Amino acid sequence: MARRPVRVSLDEALWDAVEAAARARGIASYLFVEEALTTALGPSETVARVAELAEAAAASAREAQASAAEMCDQIQVISDFIVDLYRAEALASGDVGEA
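Keep in mind that this is a model prediction, so the values were computed, not measured.

**A short note on the packing of helix H1 (residues 12-25) against helix H2 (residues 29-93)**
It is the contact of H1 with H2, at a shortest axis distance of 8 Å, that shows an interaxial angle of 95 degrees. Judged on the interaxial angle alone, H2 and H1 are roughly perpendicular. Between H1 and H2, the residues in contact are Trp15, Val18, Glu19, Ala21, Ala22 and Arg25 and Ser29, Phe32, Val33 and Glu35, respectively. When the residues that make up the contact of H1 with H2 are grouped by side-chain class, the tally is 6 nonpolar, 1 polar and 3 charged.

Here it is as structure tokens:
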């Protein structure tokens, strides 16, 4: 991830609280703020990733559905061929039954 320096204005009382919390953790104030922001933004990144995975799953499901429809069409063609073959054999042998 690219880093660039950014300046923001904070209320003095808030910055004092950040400095106190950072001192308590033994880290620099800017690292404390970075960790807090990363933690706060983490769930939104997770939701975005889940959305990407859901979109990929939906695309796979559409492909599977199209493949299944094509397979059904092929099975129908094969079954029609088999029925026609049996009918032709029945006609050739003189065993014409009612279907």
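**Focus on the pattern of salt bridges**
For the coordinates displayed, the defined rule picks out 2 salt bridges. For Arg25, the salt bridge is made with Glu35, and the minimal N-O distance between the two is 2.8 Å. With Arg25 in helix H1 and Glu35 in helix H2, this residue pair connects regions lying 10 residues apart in the sequence. A residue is classified by how much of its surface remains accessible, and Glu35, at 34% relative accessible area, is partly exposed.

**Focus: H2**
At 3.6 residues per turn, the α-helix brings residues three or four places apart onto the same side. Between its first and last C-alpha, H2 extends 95 Å over 65 residues, near the 96 Å set by a 1.5 Å rise per residue. At Leu41, H2 is bent by approximately 35 degrees, the largest bend along its length, and proline Pro43 sits one to four residues beyond. Immediately beyond the C-terminal end of H2, within one or two residues, lies Gly94, with a positive phi of roughly 85 degrees.

About the criteria used
The residue numbering used here restarts from 1 in each chain and proceeds along that chain's sequence as written. For this predicted model, a pLDDT threshold of at least 70 governs which residues receive local features, and a threshold of 80 or more governs which side-chain atom pairs are given and counted, while totals over whole chains, interfaces and linings are taken from all residues. In computing side-chain properties, one takes all heavy atoms of the structure into account and sets aside hydrogens as well as water. The axes used here are C-alpha line fits, helices contributing only the stretch in contact, and every angle between their N-to-C directions lies in the interval 0 to 180 degrees. Secondary structure elements follow DSSP: runs of H or I no shorter than four residues count as helices, runs of E no shorter than two count as strands, and numbering proceeds from the N terminus. When an angle is under 35 degrees it counts as roughly parallel; over 145 it counts as roughly antiparallel; between 65 and 115 it counts as roughly perpendicular; any other value is oblique. We call two residues in contact when some of their heavy atoms are within 4.5 Å. Gly counts as polar in this scheme, as do all residues outside two lists: the nonpolar Ala, Val, Leu, Ile, Met, Phe, Trp, Tyr, Cys and Pro, and the charged Asp, Glu, Lys and Arg. Think of a salt bridge as a Lys or Arg side-chain nitrogen and an Asp or Glu carboxyl oxygen that are within 4 Å of each other. For every residue, the accessible area obtained with a 1.4 Å probe (protein chains only) is divided by the maximum for its type, and the residue is called buried under 20%, exposed over 50%, and partly exposed between those limits. For a helix, the expected span equals 1.5 Å multiplied by the residue count minus one. Bend, in this description, refers to the angle at a residue between axes fitted to the seven residues ending there and the seven starting there.

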